[in-house]
Each structure stands twice: as structure tokens, then as C-alpha cells.
Amino acid sequence: MNSTDEWYDTEAISDGTYRILEGPYYGMYLAAGAERSYLVDAGIGIGDLRALVEGLVDTPVTLLLTHWHWDHIGNAAQFDDVRIHERERSPTGRVALDGRSEEFLGRPANFLKRWRAAGEALPDGFDADDYAIEPVENPTPLSGDETFDLGDRTLESLHLPGHSPGQLGFLDHQSGVLYGGDVIHVDEGLYVHLEGGDLRAYLETFERLRELRDAGVFETLLTSHNPPFAGAELAILDRLEAGLRRIVDGDADYEVVETDWGDARRYEFGGSVVFTEP
């Protein structure tokens, strides 16, 4: 297995837009432009992401990070032009595995252990002893009101906090696509139990997303860990907004469960699980 098109699962989901999957559910998106292309997130850092991307486009590539969590910054150091919300950088301005807390330090090793236990293969030449997520020393800070020119279309950054203080989304008005990072997490759930999670901010984010959807600003939501949400599937925004409102109002039942990050409150709304601090 090579470290590019055999390790990554790449799918053209529309004209000029690729979904790149690393491992079981670590998703990235490449918006190919006439003058510049934009990669949204950088996976877990096992494959050669830059080589894969450069084989798909022949324009310069800017990396846009939705937030700083380990499974989004894996190969960020491979890229020369990296941008992230100012609240996702470390106190010294870096993007790093230990940039804002130590809660993700064990995640790369934990992934390898589970991947191997499942009998899954790794790229040829991959050395687990050398596996490390390298920091980005001086990423360009964003605030969530920028416009990025691809030459034949534009992306607009949106500040969507809740899962992480500086979580960003990137809106392609022309295609009606919103790249949402972890605004919805694995299995259509929400992770609000990690460092910097904020229930009230998350509720405001979902109110904003619902308003944008209802105004026809986007028709497809692409997140890192789920298949695309489009059409009737976007009703998930209503369900999760209502669930968050019940939690904020103290009107939702929960159980305390153990997670990889310690104990958390577990709520469930129509099949979507929401984790919050205990």
C-alpha cells in the first residue's frame, strides 16, 4: 500500500471538490480552483497528504484548518500556507498536538493500537516509532470573516464555536456547500466535553446554521466524520438545535459515562449522542 492514493480514499463529490478520507472516518476536503486551491483540514498525519493533493491539482494549495484537534492537524506541517482561527493557536502562536491542552497527546498511539488490533494495514515504509504530528510554528490567524479567492469561485470563513472556541466553517456560495469540520461529530453527534467546548456557543452556532440553511445559503453540509448532509438530511440541524436548547435549559435527561477523555454526560436526541462535561 502506498502512502497516497492507496492509503487515502479520495472521491470527487462535485465538480472541483474532493473528499479525502484517512483511516476509518478522518475526512478532509479539497476545493480545486483555477488560480488557487484550498484544502480543508489535514487528517491524522500517517500518509503523504501533500503528494496526494499535488497529484489532484496543479495550482498552489492553502491549508485551512477548521480547528486544532489532533485528527485535523496531522499533516499540517507539510504545507507552506496554513491558516486557522486565532483562538485555536497555542499561547506562542503555534498549532501543535499539545497546543491548547494535553488531552490529545495519546491519540496518535491510541489510533495505531486500535487500527492494528482490527487487522488493518498501514502504508509501506510507515514507521510507528517515528509517527509524530509535527507543529506548525507560524500559521496565519483568522477571525471568521475572511474571503478566499480560488480564481473561479470564493470561499467565506464562518466562526462556528461550540465544539472548539475557534472552530471555523468555510462556505462556497457558488456551489451551495458548507465545509463544517466537527460542527457535527462522529455518528451525527456532538462533542462538547473537550477542552474549550461551550454549550451556549454551540446553540448559537446551530441557530446560525439553521438560518443560513433556511435562507438557501447552503444546500450541502460537509463534515469531517460523516457522509454529506443534503436535502431532507439537513433536518439534523433542527434536531440538534432543539437538543442543545433542552440541555442549556436543564430539561434533558442524561447518564454519566466513561469516555476516552474521562467521564462525561451523555444525552441522546433522535439517535444523535451529545457528550458534555460531567
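Residues numbered from 1 in each chain as written. Predicted model: local features only at pLDDT ≥ 70, side-chain atom pairs only at ≥ 80, totals over all residues. Heavy atoms only, no water.

Draft legend 1. Spatial organisation of helix 3 (residues 199–214). Taking 1.5 Å of rise per residue, the 16 residues of helix 3 would be expected to cover 22 Å, and the 23 Å separating its terminal C-alpha atoms lies within 8% of that figure. Buried-residue contacts for helix 3 involve strand 9 (154–159), strand 11 (177–181), strand 12 (190–192) and helix 4 (236–248). You can read the cap of helix 3 off the contacts: a side-chain oxygen lies 3.1 Å from the backbone nitrogen of R200, and it is on D198. (Helix = DSSP H or I, 4+ residues; strand = E, 2+ residues; numbered from the N terminus. Expected span 1.5 Å × (residues − 1). Contact = heavy atoms within 4.5 Å. Polar contact = N/O pair within 3.5 Å; in protein donor to acceptor, adjacent residues only side chain to side chain.)

Draft legend 2. A look at the sheet that holds strand 11. In space, the 6 strands of this open sheet follow the order 8-9-10-11-13-14, with mixed pairing throughout. The strands lining the two open edges of the sheet, one partner per strand, are strand 8 (147–149) and strand 14 (229–230). Where strand 9 lies against strand 10 (residues 168–172), 4 bridges are found, and the strand directions are antiparallel. Looking across to strand 10, one finds that S157 is bridged to F170. (Pairing = 2+ DSSP bridges.)

Draft legend 3. Fine view of the environment of A118. Following the sequence through the fold, A118 ends up in the loop between helix 2 (107–117) and strand 7 (140–142). Looking at A118, the relative accessible area reads 57%, which means it is exposed. Residues A118 and S164, 46 residues apart in the sequence, show an inter-C-alpha distance of 30 Å. (Buried < 20%, exposed > 50% of the residue type's maximum accessible area, 1.4 Å probe, protein only.)

Draft legend 4. Quick look at unusual backbone geometry. One non-glycine residue with positive phi stands out, namely D41, at about 80 degrees. With respect to the secondary-structure elements, D41 resides in the loop between strand 4 (37–40) and helix 1 (49–56). On the basis of relative accessibility, which here comes to 1%, the residue D41 falls in the buried class.

Draft legend 5. How the structure looks around the pattern of salt bridges. Applying the stated criterion across every chain yields a total of 17 salt bridges. The residue D80 makes a salt bridge to R50 at a minimum N-O spacing of 3.5 Å. Of this pair, D80 sits in the loop between strand 5 (61–64) and strand 6 (82–85) while R50 sits in helix 1, and the two are 30 residues apart along the sequence. The class for D80 is exposed, based on a relative accessible area of 71%. Among the residues examined, R50 registers a relative accessible area of 27% and is labelled partly exposed. (Salt bridge = Lys/Arg side-chain N within 4 Å of Asp/Glu carboxyl O.)

Draft legend 6. A look at the pairing of strand 3 (residues 26–31). Most of strand 3 is tucked away, with 6 of its 6 residues classed as buried. Of the two faces of strand 3, the one holding Y26, M28 and L30 and the one holding G27, Y29 and A31 are both buried throughout. With 6 bridges joining them, strand 2 (residues 17–22) and strand 3 adopt antiparallel strand pairing. Pairing of T17 across the sheet is with A31, part of strand 3. Between strand 2 and strand 3, which pair antiparallel in sequence order, lie 3 residues; one of them, G23, sits at a positive phi of approximately 65 degrees. Note: strand 3 against strand 4, 3 bridges, orientation antiparallel. Across the sheet, L30 pairs through a bridge with L39, a residue of strand 4.

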